[in-house]
Protein chains: 4
Amino acid sequence: MRTLPVELPSWAFGNSGTRFKVFGQAGVPRNPYEKIDDVAQVHRFTGATPSVALHIPWDRVDDYPSLARYAADQGIALGTINANLFQDDDYKLGSLTNPDAAVRAKALDHLVECVDIMLATGSRDLKLWLPDGTNYPGQDSIRARQDRLAEALREIYARLPADRRLIVEYKLFEPAFYTMDIPDWGVSYAHCLSLGDRAMVCVDTGHHAPGTNIEFIVAFLLRAGKLGAFDFNSRFYADDDLIVGAADPFQLFRILFECASAGALRGGGDVTYMLDQCHNIEPKIPGQIRSVLNVQEAAAKALLVDTEALTAAQNAGDVLGANAVLMDAYNTDVRPLLADMRTAAGLDPDPMSAYLRSGYPERIVAERVGGQQAGWGA
Amino acid sequence: MRTLPVELPSWAFGNSGTRFKVFGQAGVPRNPYEKIDDVAQVHRFTGATPSVALHIPWDRVDDYPSLARYAADQGIALGTINANLFQDDDYKLGSLTNPDAAVRAKALDHLVECVDIMLATGSRDLKLWLPDGTNYPGQDSIRARQDRLAEALREIYARLPADRRLIVEYKLFEPAFYTMDIPDWGVSYAHCLSLGDRAMVCVDTGHHAPGTNIEFIVAFLLRAGKLGAFDFNSRFYADDDLIVGAADPFQLFRILFECASAGALRGGGDVTYMLDQCHNIEPKIPGQIRSVLNVQEAAAKALLVDTEALTAAQNAGDVLGANAVLMDAYNTDVRPLLADMRTAAGLDPDPMSAYLRSGYPERIVAERVGGQQAGWGA
Amino acid sequence: MRTLPVELPSWAFGNSGTRFKVFGQAGVPRNPYEKIDDVAQVHRFTGATPSVALHIPWDRVDDYPSLARYAADQGIALGTINANLFQDDDYKLGSLTNPDAAVRAKALDHLVECVDIMLATGSRDLKLWLPDGTNYPGQDSIRARQDRLAEALREIYARLPADRRLIVEYKLFEPAFYTMDIPDWGVSYAHCLSLGDRAMVCVDTGHHAPGTNIEFIVAFLLRAGKLGAFDFNSRFYADDDLIVGAADPFQLFRILFECASAGALRGGGDVTYMLDQCHNIEPKIPGQIRSVLNVQEAAAKALLVDTEALTAAQNAGDVLGANAVLMDAYNTDVRPLLADMRTAAGLDPDPMSAYLRSGYPERIVAERVGGQQAGWGA
Amino acid sequence: MRTLPVELPSWAFGNSGTRFKVFGQAGVPRNPYEKIDDVAQVHRFTGATPSVALHIPWDRVDDYPSLARYAADQGIALGTINANLFQDDDYKLGSLTNPDAAVRAKALDHLVECVDIMLATGSRDLKLWLPDGTNYPGQDSIRARQDRLAEALREIYARLPADRRLIVEYKLFEPAFYTMDIPDWGVSYAHCLSLGDRAMVCVDTGHHAPGTNIEFIVAFLLRAGKLGAFDFNSRFYADDDLIVGAADPFQLFRILFECASAGALRGGGDVTYMLDQCHNIEPKIPGQIRSVLNVQEAAAKALLVDTEALTAAQNAGDVLGANAVLMDAYNTDVRPLLADMRTAAGLDPDPMSAYLRSGYPERIVAERVGGQQAGWGA
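Below, the structure is looked at part by part. (Residues numbered from 1 in each chain as written. Chains lettered and ligands numbered in written order. Predicted model: local features only at pLDDT ≥ 70, side-chain atom pairs only at ≥ 80, totals over all residues. Heavy atoms only, no water.)

## Things to note about the overall build of chain A
On a plain count of helices and strands, chain A comes out with 13 helices and ten strands. Against the globule reference of 21 Å for 378 residues, chain A gives a C-alpha radius of gyration of 21 Å, in line with a compact fold. If one aligns the C-alpha atoms of chain A with their principal axes, the spans along those axes are about 60 × 55 × 40 Å. Residue burial in chain A is summarised as follows: out of 378 residues, 68% are buried. Roughly 11,700 Å² of accessible area belongs to chain A as shown, and the carbon and sulfur atoms make up 50% of that amount. Across chain A, the centroid of the 35 positively charged side chains sits 1 Å from that of the 49 negatively charged ones. (Helix = DSSP H or I, 4+ residues; strand = E, 2+ residues; numbered from the N terminus. Rg over C-alpha atoms; globule rule 2.2 N^0.38 Å. Buried < 20%, exposed > 50% of the residue type's maximum accessible area, 1.4 Å probe, protein only. Areas by Shrake-Rupley, 256 points an atom, 1.4 Å probe, with all protein chains shown as cover. Lys, Arg positive; Asp, Glu negative; His and termini not counted. Charge placed at Lys NZ, Arg CZ, Asp CG, Glu CD.)

Quick look at the structure:
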């Protein structure tokens with residue numbers, strides 16, 4: 001069992017909140033370099049987060065190769081480039097699907113900029129989460145917006161070099177409340193199918209309707225060769241962006257078991273395992289560490305499933321027996337095993353305590369004074 | 001504006017209920033012929049239901065051409081053939097996706113029988129609603145079940161004559177509670193894409209997760225040329241199978257407006273507009289009449305939308321103006337218009353009253369004594 | 001049929017948005033006086049909005065009697081005082097239920113300030129929406145927080161003069177994601193029962209779990225004499241705060257029918273009918289006008305129900321007949337009736353067009369330049 | 001740590017299913033005596049199920065004292081008496097809330113019969129789950145039905161001897177789809193408050209809207225002294241009635257942690273811990289054993305929480321620290337501990353294997369031939 005690499009989102013280290021209030025935290029980074037410093041801390045104690053996803057324009061810098069070297073010096077690679085189509089005043093009625101062709105062109109230009117940044121950072125993936133949609137019935141034509149979306153996706157896909165991928169995320173609602181232009185995995189999948197092999201779906205675990213079976217979607221996309229990435233987080237109600245595994249650890253286990261079954265938990269494959277979270281009230285770096293531990297524990301349990309016994313029970317129609325095989329793995333306490341693996345890898349067996357003792361939390365609070373704290377996105 | 005043809009389900013005239021209780025009703029038909037008599041009554045007073053969907057084995061008869069002639073004599077065509085894969089003891093763990101190959105073969109045989117019946121009845125469509133799924137995590141392999149499903153669909157599609165269609169329905173849950181093998185439109189769509197042009201999706205309006213935007217799915221499928229049929233009903237919570245338009249008439253209007261926008265409300269096209277309901281506590285024939293009236297009213301409103309004004313407002317980014325155009329049509333009372341159309345067509349302007357006065361309700365109660373009342377499925 | 005008075009929220013005229021982005025609008029008011037000017041415009045054209053709810057601290061002024069006179073000169077009364085317990089940095093882990101007694105005391109002080117303001121403005125009601133809750137299991141004791149809440153409510157209730165009321169709102173989630181301390185009507189009701197006669201429940205139509213039957217709650221609270229106020233808005237998914245009646249006009253009608261049935265639609269009674277909305281992408285004043293029209297239309301339909309015929313059908317067990325009586329009223333186009341009533345009252349029959357022609361929209365854009373635009377809350 | 005007594009429902013041993021199909025199982029009991037035999041098996045291997053809940057009329061016998069002795073001889077007490085108001089043809093439009101007074105009287109008579117049975121069986125609790133409601137808006141008056149409900153509850157409560165309790169269950173939907181007359185805990189609680197101290201609320205874990213925080217309700221009711229019983233089961237979508245802990249074991253742990261915090265996990269107190277499940281596709285007795293094990297594991301974890309550390313972290317506002325204390329207990333594998341406890345109590349450490357090896361499963365299949373297999377309700 002090797003460590004599953006988890007990609008961290010640079011924005012998880014910045015301030016975040018709800019529409020009601022963003023509670024600032026002391027020690028929050030003020031620029032992409034400081035964010036990378038924090039990512040490196042998580043990696044230092046977990047050994048599991050060798051890359052960071054960037055968000056443009058939040059992580060815009062003058063010299064991306066220099067940023068990449070700065071990260072590499074700390075053992076961190078620059079990962080997925082995330083586009084932002086929701087914070088420009090022009091995007092009030094949409095970006096790629098806006099009825100106004102000039103706005104659409106502007107949004108496309110932003111994606112082209114992101115592709116350029118990918119080349120400069122060495123990133124494999126451009127991730128597109130489309131916030132576009134409508135708030136009121138009749139506000140715009142659902143179909144016309146799909147036409148505009150299809151055209152924009154074609155154009156940006158055509159711009160991608162042959163060794164890069166376009167990752168298309170979906171979301172049920174928010175920021176738009178009546179329609180989202182990519183509301184579910186089916187719409188994302190359909191567009192990716194039309195585009196070609198290097199267009200793949202991103203599953204954000206917080207972006208579904210109540211009652212949706214997420215591991216089913218994961219299994220379906222893996223079977224179809226179309227699962228490109230996860231945005232991990234957890235939710236009780238909507239897109240709460242809580243620590244992954246905090247709301248329903250059994251669901252996380254089931255999702256990762258589908259990945260394990262498809263041979264996708266080895267790392268280095270098609271699926272990028274990324275966090276996408278908001279630590280609104282808890283400290284950022286410990287929030288990320290806890291998230292990584294939760295993923296590790298769920299992954300370890302997923303890999304412990306006795307698949308031979310499982311398949312035998314399934315094929316025999318032994319409902320309770322098959323369920324019991326799965327639950328045996330889930331009910332196992334894998335923390336000692338993971339602690340041993342960390343020790344063997346030269347890490348502290350308890351990453352959270354080690355971080356809290358490290359002096360880093362106090363240092364960033366003392367040093368990161370003045371300037372503009374980083375803010376966030378979803 | 002012509003009348004939109006609505007296909008009635010034969011089973012809506014039989015007894016139905018919840019898992020707690022089926023309340024029988026006096027006068028319920030005892031065989032397919034009596035069901036057709038009832039369908040003909042609805043058609044007689046609404047002029048809008050020229051065909052009936054059959055459900056096999058509930059509507060199995062020895063001589064389908066004879067049944068077709070019997071129907072034709074009353075102005076009714078035999079429509080969609082609905083397969084039943086949920087009531088045989090062998091299907092406890094699934095039919096087409098059962099881990100046992102013998103059960104899968106039996107299920108496939110049933111579909112082949114349905115194709116034979118289609119040829120005998122002259123039906124265009126075979127509709128497959130797959131009740132298969134699992135109740136417990138681990139019970140069976142999600143992926144293996146998709147493989148089995150894909151194989152079964154290929155086989156049955158290969159059996160279809162070139163002028164017939166396979167309509168694939170989806171459903172979020174029930175009767176299975178952990179996974180359904182075709183839980184959403186995306187899975188149905190993906191399989192239909194793999195099959196070919198004559199495989200199309202059926203949208204049952206009661207089969208979605210809370211918060212799902214159904215008209216979006218309708219618009220998407222129409223754009224993709226993959227909307228084959230509706231199963232109309234309404235719901236407040238789950239698959240309640242109430243009278244269409246009873247729970248959210250504005251949603252029904254929005255759905256039909258998407259059909260109108262795509263030119264699919266003219267009738268005679270790719271989309272079969274079918275009811276699929278359970279009149280658990282209300283009388284069956286009036287329940288169907290009310291459903292047809294609700295569809296007619298929503299369709300009339302959908303056709304009243306001033307699409308030029310709507311498009312102009314949409315393109316101008318006039319959110320409230322565009323919404324107002326839609327709402328103007330919705331807020332119109334179209335009942336007088338529909339009454340006039342009925343009168344012009346030689347019908348009573350008030351189909352419900354005319355039916356209740358017709359003597360038919362009393363007659364069936366008096367005459368349909370003895371025998372076995374028809375029961376239902378969803 | 002008289003006009004139902006609708007109370008407008010001052011904050012609906014300020015900028016609002018989602019956590020992703022607040023899109024500013026030209027002409028937005030910059031202080032409470034300008035908000036009142038806008039409220040007066042809505043009242044001028046609809047004749048239906050004679051009062052405005054204030055939000056403290058957003059509407060803090062030095063001289064409340066002066067503000068009240070300013071409003072009165074335009075025909076507007078100062079209505080409900082809304083407390084704000086979510087925007088102070090100290091409230092990160094809660095206000096009235098915070099584990100820290102000092103924070104709780106501060107929150108209570110704010111409520112006391114609100115009571116003082118009520119006396120200065122002549123407001124009848126203090127409305128408490130409690131944003132408190134937790135994001136993670138274990139974060140705090142659910143029970144201890146209820147104890148703290150009960151104590152705080154007792155203290156503030158004791159401060160209220162005998163002719164004033166405390167209105168307690170509830171909300172399923174947001175800003176907290178694991179627990180809210182007042183998540184549903186039951187919690188609000190239970191606390192109000194403990195407090196006394198002048199503590200009543202506020203129903204915000206956007207604050208429920210999917211599938212909740214809101215009119216049932218309304219009927220239940222009216223029967224118990226505990227419905228104090230509505231916060232009207234509409235939602236497709238979560239607390240979307242869209243224009244009331246925009247998402248489900250039939251639901252709004254059903255809610256108002258329960259009010260009509262209980263004799264609560266006459267105005268001047270126990271129930272305050274307030275809007276609570278965010279016009280994120282549409283213009284504010286037209287958004288409020290449209291909302292008022294939607295309430296008026298739904299209320300007019302509710303009053304059109306033939307209650308004698310309804311009761312007769314209900315008592316006869318005539319399911320379809322009773323439903324038809326209700327639907328007959330709902331399907332009626334009441335816009336001509338309302339236009340006539342407006343004309344009779346000396347108003348323009350079409351308030352929206354009259355407003356748009358009035359020159360006011362252009363004037364506020366031209367004049368309200370510089371300064372700080374008002375922002376919002378929920 | 002002592003064993004938490006779990007009450008089993010007699011009907012879990014009978015056949016059950018969905019509205020689509022009931023799949024019969026070999027060996028299912030044919031009368032209340034055989035059900036008690038099966039309950040005794042579960043108790044024999046788990047040592048944790050000393051009582052059985054009866055359902056009237058399904059468990060009607062001529063001689064209840066004899067049934068009680070038969071049970072007592074096997075170490076089983078007769079527990080809660082569950083009324084059935086949903087399977088009589090007269091109840092199509094409701095029982096206690098039916099518009100027809102004669103039907104209401106009949107329903108009340110049934111409850112009186114249940115009280116008589118309680119006296120004969122020595123049961124403490126009469127449990128009322130009210131299936132009443134409406135399917136269509138307007139079908140009946142929400143308020144009138146509450147009046148009828150209040151009156152019926154008063155009458156039956158007045159009939160209860162002073163040492164007996166009335167337990168009032170609530171349910172969001174099903175079998176009624178528009179309104180349920182007791183849809184949520186608030187309605188149940190409000191009626192219980194009006195009745196008196198011996199009226200308490202039953203929380204069925206499958207009867208809530210999506211997103212409802214059940215442990216919050218549990219904590220609230222425990223604080224108010226109004227939690228009378230649980231109906232344990234689990235669900236992914238609606239009232240799925242699956243094995244408790246199968247869908248969301250973390251939720252079960254959180255619920256039982258609230259019970260532990262309130263000192264309600266000791267057994268012998270006010271709260272009856274009952275299962276209420278349907279083993280539609282899995283074998284009944286193993287399904288019950290698995291359920292008991294799941295409750296035991298969750299309860300053991302709940303009791304392992306370091307409450308001092310938890311309270312300290314909560315009071316310090318240490319969000320992640322407090323959450324970690326809770327998760328440490330949840331992540332512990334308590335199965336070895338429970339196995340040791342069983343061994344100490346003279347039980348097999350692995351109840352499921354011991355049962356499967358016992359010969360009982362084969363015996364009931366062989367012996368229970370002929371007769372009418374028991375069916376069920378919810």
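## Let's talk about the interface of chain D and chain A
Contact with chain D, which involves 30 residues of that partner, is made by 30 residues of chain A. Counting the surface chain D buries against chain A, the share from its top three residues, R290(D), L320(D) and N331(D), is 26%. In this structure, the connection of chain D to chain A is made through two salt bridges. A salt bridge links R335(D) to D328(A); the shortest N-O distance between them is 2.9 Å. Across the contact surface, chain D and chain A share four residue pairs in polar contact (both at pLDDT 80 or more). (Contact = heavy atoms within 4.5 Å. Buried area = accessible area lost by both parts, 1.4 Å probe. Salt bridge = Lys/Arg side-chain N within 4 Å of Asp/Glu carboxyl O. Polar contact = N/O pair within 3.5 Å; in protein donor to acceptor, adjacent residues only side chain to side chain.)

## Considerations on helix 13 (residues 360-367) of chain B
All names here are of chain B. Those residues of helix 13 not exposed but buried are Y360, P361 and I364. Considered in projection along helix 13, the buried side chains sweep an arc of 105° and stay on one side of the axis. At its buried positions, helix 13 is contacted by helix 1 (32-46), helix 8 (284-304) and helix 12 (351-357). (Arc of directions from axis to C-beta.)

## Thoughts on the interface of chain C and chain A
Counting residues at the interface gives 42 residues for chain C, matched by 42 residues for chain A. Between chain C and chain A, the buried area comes to about 4,000 Å², and carbon and sulfur atoms account for 64% of it. Counting the surface chain C buries against chain A, the share from its top three residues, R19(C), F20(C) and Y136(C), is 23%. On the surface where chain C and chain A come into contact, there are eight salt bridges. One salt bridge in this structure joins R19(C) and D239(A), with 2.8 Å as the shortest N-O distance. Inspection of the chain C/chain A interface yields 18 residue pairs in polar contact (both at pLDDT 80 or more). Of the residues belonging to the side of chain C that touches chain A, the class tally is 24 nonpolar, seven polar and eleven charged. (Nonpolar A, V, L, I, M, F, W, Y, C, P; charged D, E, K, R; others polar.)

## Examining the relation of the copies chain D and chain A
With an axial shift of 0.0 Å and an RMSD of 0.0 Å, the rotation relating chain D to chain A amounts to 180°. When the rotation and shift are considered jointly, the pair of chain copies conforms to a two-fold rotation axis. Identified as the residue of chain D closest to the rotation axis by C-alpha distance is D333(D), at 2.6 Å. (Least-squares fit on C-alpha atoms with pLDDT ≥ 70 in both.)

## Remarks on unusual backbone geometry
In this chain, E174(B) is followed by P175(B) through a cis amide linkage whose omega measures 15°. Of note in the backbone geometry, E174(C) takes a positive phi value of approximately 75° without being a glycine. Relative to the helices and strands, E174(C) is located in the loop between strand 6 (165-169) and strand 7 (179-180). For E174(C), a relative accessible area of 13% gives the class buried.

## Notes on the environment of A176(A)
Residue and element names in this part refer to chain A. Note on placement: A176 falls in the loop between strand 6 (165-169) and strand 7 (179-180). For A176, a relative accessible area of 6% corresponds to the buried category. Residues A176 and Y136 lie 40 residues apart in sequence; the distance between their C-alpha atoms is 9.1 Å. Those residues in contact with A176, other than ones at most four positions away along the chain, are P131, G133, T134 and N135.

## Notes on the relation of the copies chain C and chain A
Of the two same-sequence chains, chain C is brought onto chain A (RMSD 0.0 Å, axial shift 0.0 Å) by a rotation of 180°. A shared interface surface links the copies, since 100% of the contact residues of chain C are contact residues in chain A too.

## A short note on the nonpolar core
Among the nonpolar cores identified, the biggest contains 416 residues, and L256(A), L256(B), L256(C) and L256(D) are the most heavily contacted of them. Apart from residues lying up to four places away in sequence, L256(A) is in contact with F232(A), L265(A), Y273(A), V295(A), A298(A), A299(A) and A302(A). (Core = buried A, V, L, I, M, F, W, Y, C linked by side-chain atoms within 4.5 Å.)

## What about the packing of helix 7 (residues 249-261) of chain A against helix 10 (residues 319-331) of chain A?
Angle between the axes and distance between the axes: these two values describe a pair of packed helices. All names here are of chain A. Remark: helix 7 packs on helix 10, axes separated minimally by 11 Å, with the N-to-C direction vectors making an angle of 115°. For the crossing formed where helix 7 meets helix 10, the hand is right-handed. Contacts from P249, F250, F253 and F257 of helix 7 reach helix 10 at L326, M327, A329 and Y330. Looking at the contact of helix 7 with helix 10 residue by residue, the classes come out as eight nonpolar, no polar and no charged. (Axes fitted to C-alpha atoms, helices over the stretch in contact; angles between N-to-C directions. Left-handed = near helix turned anticlockwise from the far one by under 90°.)

## Digging into the pattern of salt bridges
Tallied over the entire structure, the rule returns 100 salt bridges over all chains. For R145(B), the salt bridge identified is with D181(B), shortest N-O distance 3.0 Å. Taken as a pair, R145(B) in helix 4 (residues 142-159) and D181(B) in the loop between strand 7 (179-180) and helix 5 (185-195) lie far apart in primary sequence, 36 residues in all. Among the residues examined, R145(B) registers a relative accessible area of 1% and is labelled buried. Note on D181(B): relative accessible area 1%, which makes it buried. Taken together, the salt bridges that share partners define one network made up of R19(A), K171(C), E174(C), D239(C) and D241(C).

## Digging into the packing of aromatic side chains
For the structure on display, the rule yields 84 aromatic pairs over all chains. Judged by centre distance (5.0 Å) and plane angle (80°), the rings of Y33(A) and Y70(A) are edge-to-face. On the criterion of sequence distance, the pair formed by Y33(A) in helix 1 (residues 32-46) and Y70(A) in helix 2 (residues 64-73) is long-range, its members being 37 residues apart. With relative accessibility at 29%, the residue Y70(A) sits in the partly exposed group. Cluster of aromatic residues (ring-pair linked, three or more members): F173(A), F177(A), Y178(A), F236(C) and Y237(C). The cationic tip of K106(A) hangs over the ring face of Y91(A); the distance from NZ or CZ to the ring centre is 6.0 Å. Sitting over the ring of Y330(D), K301(D) keeps its end group 4.5 Å from the ring centre. (Phe/Tyr/Trp six-rings, centres within 6.5 Å; stacked < 30°, edge-to-face > 60°. Lys NZ or Arg CZ within 6 Å of the ring centre and 35° of its normal.)

## Considerations on the packing of helix 10 of chain A against helix 8 (residues 284-304) of chain D
Interaxial distance between helix 10 of chain A and helix 8 of chain D falls to 12 Å at its minimum, and their mutual angle equals 10°. As the angle between them shows, helix 10 of chain A and helix 8 of chain D are arranged roughly parallel. Crossing angle aside, the handedness with which helix 10 of chain A passes helix 8 of chain D is left-handed. Contact with helix 10 of chain A, carried on its side by L320(A), A324(A), M327(A) and N331(A), involves P286(D), G287(D), R290(D), E297(D) and K301(D) of helix 8 of chain D and no other residues of that element. (Parallel < 35°, antiparallel > 145°, perpendicular 65-115°, else oblique.)

## Quick word on the pairing of strand 9 (residues 227-232) of chain C
Residue and element names in this part refer to chain C. Extensive coverage of strand 9 is indicated by the burial of six of its six residues. Bridge analysis of strand 8 (residues 199-204) against strand 9 gives four bridges, and the strand direction is parallel. Note that in strand 9 the partner of V203 across the bridge is F230. As for the winding sense of the linkage, the β-α-β connection from strand 8 through helix 6 (residues 214-224) to strand 9 is right-handed. As defined by bridge partners, strand 9 adjoins strand 10 (residues 272-275) across four bridges and the pair is classed as parallel. Considered in strand 10, the bridge of F232 is made with L275. (Pairing = 2+ DSSP bridges. Right-handed = clockwise from strand over helix to strand, strands pointing away.)

## Remarks on the state of the cysteines
Here, the word disulfide means a covalent bond between the sulfur atoms of two cysteines. Enumeration over the complete set of coordinates arrives at zero disulfides over all chains. Free of any disulfide, C114(A) has its nearest cysteine sulfur in C202(A), 15 Å distant. (Disulfide = S-S within 2.5 Å.)

## Re the side chain of S95(B)
Among the structural elements, S95(B) can be located in the loop between strand 3 (77-83) and helix 3 (101-121). For S95(B), a relative accessible area of 0% corresponds to the buried category.

## A closer look at the environment of G47(D)
All names here are of chain D. Among the structural elements, G47 can be located in the loop between helix 1 (32-46) and strand 4 (51-55). For G47, a relative accessible area of 33% translates into the label partly exposed. Here G47 is in contact with T3, V42 and L347, once residues within four sequence places are set aside.

## Here we look at the side chain of R165(A)
All names here are of chain A. Locating R165 in the fold gives a position in strand 6. A polar contact is formed between the side chain of R165 and the side chain of D125, at a distance of 2.8 Å. Of note is the side chain of R165, whose polar atom sits 3.1 Å from the backbone oxygen of G228. Residues in contact with R165, not counting those within four places in the same chain, are M118, R124, D125, L126, L160, R198, M200, G228, D270 and T272.

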